[in-house]
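Topology and contacts: notes
Residue-level listing of the chains:
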Amino acid sequence: MIDAVVYGASEVVVGPDQTQEDAAVVVEDGRVRTVGPSDDLVREFPPENAVTSVDATGRAVIPGFVDAHTHGLFAGDRSDEFAAKLRGKTYQDILAEGGGILRTVRAVRAASDERLLGNLLAHLDTMLAHGTTTVEVKSGYGLDTETELRMLDAIAAADARHPVDVVPTFMGAHAVPEGRDADEYTDEVIDEQLPAVAEQGVAEFCDVFCEEGVFSVEQSRRVLDAGIEYGLAPKVHAEELAHIGGSQLAADIGAVSADHLLYATEDDAAALADAGVTPVLLPGTAFSLGAEYADPSLFAEAGAPVAVASDFNPNCHSQSMGMAVALACVGMGMAPRDALDAATRGGALALDRTDDTGTLREGAPADLAVLDAPSHAHVPYSFGVNRVATVLKRGDVVHDADGLAVPSPGSGR
Ligand code: NIG
Ligand code: FE
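So, how was this worked out
Residues numbered from 1 in each chain as written. Chains lettered and ligands numbered in written order. Predicted model: local features only at pLDDT ≥ 70, side-chain atom pairs only at ≥ 80, totals over all residues. Heavy atoms only, no water. Buried < 20%, exposed > 50% of the residue type's maximum accessible area, 1.4 Å probe, protein only. Helix = DSSP H or I, 4+ residues; strand = E, 2+ residues; numbered from the N terminus. Pairing = 2+ DSSP bridges. Domains from an automatic or database assignment. Contact = heavy atoms within 4.5 Å. Buried area = accessible area lost by both parts, 1.4 Å probe. Salt bridge = Lys/Arg side-chain N within 4 Å of Asp/Glu carboxyl O. Polar contact = N/O pair within 3.5 Å; in protein donor to acceptor, adjacent residues only side chain to side chain. Donors = N, O, S within 2.8 Å, 3.2 Å for Na, K, Ca; no water. Tetrahedral: all angles 85-135°; square planar, octahedral: opposite > 155°, others 65-115°. Core = buried A, V, L, I, M, F, W, Y, C linked by side-chain atoms within 4.5 Å.

**A short note on the pairing of strand 14 (residues 368-371)**
- Going residue by residue along strand 14, you find Leu368 and Val370 tucked away on one face and Ala369 and Leu371 tucked away on the opposite face as well.
- Sheet analysis places strand 5 (residues 60-63) next to strand 14, joined by three bridges and oriented antiparallel. Paired with Val61 across the two strands is Val370, which belongs to strand 14.
- The pairing of strand 14 with strand 15 (residues 388-393) spans four bridges and is antiparallel.

Following this line, the structure appears as structure tokens:
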């Protein structure tokens, strides 16, 4: 069954270094059957016979964004910290005063299951409207077994209910709870939280905030090693606020990704490249912290393809991957096409997706966005503006702001 024919596109971004102009995308059984010249494909696969036809005349078609790093499940409001940071307070000052992550922890512990799920679903709606079709969401605002499990339950429930694919990460080691000692809390994560998380069976990854004043390299290593024992693939928050060796740790243990990397060095980049760890760059974080951006040229020179992600969280409050791409260009000097590839295929690598997710190659999941612009370059060029018109997830139309999709008369949909 042909699910969809997206025709007339001025360009289709197929994957890194692969673009087709005047092209169509044919979707069969939720996957890309073929991408090719629109005139030929429209003759071979008449759009009116497909379940849905999408008139993309003069528009660019890109793979759906794969947002590989978010803390998108939270409660409460920290908008006042934005102003405090502009007045000169640092992220660490705010955390040391019991604000920041610890404030969100109090709000999440107090929130009902329904509230947590409702909050996440609302954010997923926004992400989808901005072209995200797969998103990673971390726990880590519970910092106790019960609340960490409640967060992972909400993430699983949102994944089951929402068209966006939600990839769950356990991050009990996101901060040291108030009044606790880091070593003793590390033991709790390993001895109590991880076994319960493994038993629950939701989480796919285990992440840790390896940072000066949070978890040391040794504490981080213990958590991630234990996670590996329970079948959770490791990810590391590395060199975000200071350089303490999180990237070398990520390389040593064969992490799937090392994320942030604002203070990473050439040696770090080489170690990550050698170990096949995907560097995840989060320009929104540097933007909202007023910090120096990570340097993507380090990773390009080392030969490690990077991901760009949103880091959507109460400290970096943007669900928009288009904005992350714009900041990757303007803040980190990436070329628009490289930034787009990093936000799509790069994100899929950072989530260890091996089925061509994040591309529109033959056989890839048919997750795509039709823009209201003639080329992908308009994503960063029109910064702060959403250029996504229509979104298909596994070949189904799940968002259609401009009414481009037409169900075929006989399809029954
Ligand atoms: O990726 N660095 C730690 N975690 C988040 C911030 C979370 C928060 O401030 O609530 C990050 O930037
Ligand atoms: Fe983070």
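**Focus on the domain arrangement of the protein**
- Structurally, the protein comprises domain 1 (4-62 + 360-407) and domain 2 (65-350).
- The gap between the C-alpha centroids of domain 1 and domain 2 is 30 Å.
- On the side of domain 2, 19 residues touch domain 1, which itself brings 22 residues to the contact.
- Counting each side, the surface lost to burial between domain 1 and domain 2 is near 1,700 Å², with a carbon and sulfur contribution of 69%.
- Contact with domain 2 buries area across many residues of domain 1, yet His376, Pro380 and Lys393 alone supply 29% of it, more than any other trio.
- Across the domain 1-domain 2 interface, the total number found is one salt bridge.
- Between Asp165 and Lys393 there is a salt bridge whose closest N-O contact spans 2.9 Å.
- Between the two partners, domain 1 and domain 2, sit six residue pairs in polar contact (both at pLDDT 80 or more).
- Mapped by element, the contributors of at least two residues to the side of domain 1 that touches domain 2 are strand 1 (2-15), strand 2 (18-28), helix 15 (378-381), strand 15 and strand 16 (396-400).
- When residues of the side of domain 1 that touches domain 2 are assigned to their parent elements, the largest contribution, four residues, is made by strand 15.

**Topic: the coordination of the iron ion (ligand 2)**
- For the iron ion (ligand 2), the full set of protein donor atoms is His69 (NE2), His71 (NE2) and His237 (NE2), at a range of 2.0 to 2.1 Å.
- For the iron ion (ligand 2), the four donor atoms in the first shell make angles of 96 to 121° at the metal, a pattern classed as tetrahedral.
- Counting the intervening residues between successive donors of the iron ion (ligand 2) yields the motif H-x1-H-x165-H.
- Relative accessible area serves as the criterion here: at 0%, His69 is assigned to the buried category.
- We classify His71 as buried; its relative accessible area is 3%.

**Focus on the nonpolar core**
- Counting 95 residues, the largest nonpolar core has Leu124, Phe170 and Phe299 as its most contacted members.
- The leading source of residues in this core is helix 5 (residues 113-129), at seven residues.
- Structurally, this core is a two-domain feature, drawing no fewer than three residues from each of domain 1 (4-62 + 360-407) and domain 2 (65-350).
- Those residues within four positions of Phe170 in sequence are excluded, and the remaining contacts are Ser139, Glu148, Leu152, Val189, Gln193, Leu194, Val197, Ala203, Phe205, Cys206, Asp207 and Leu232.

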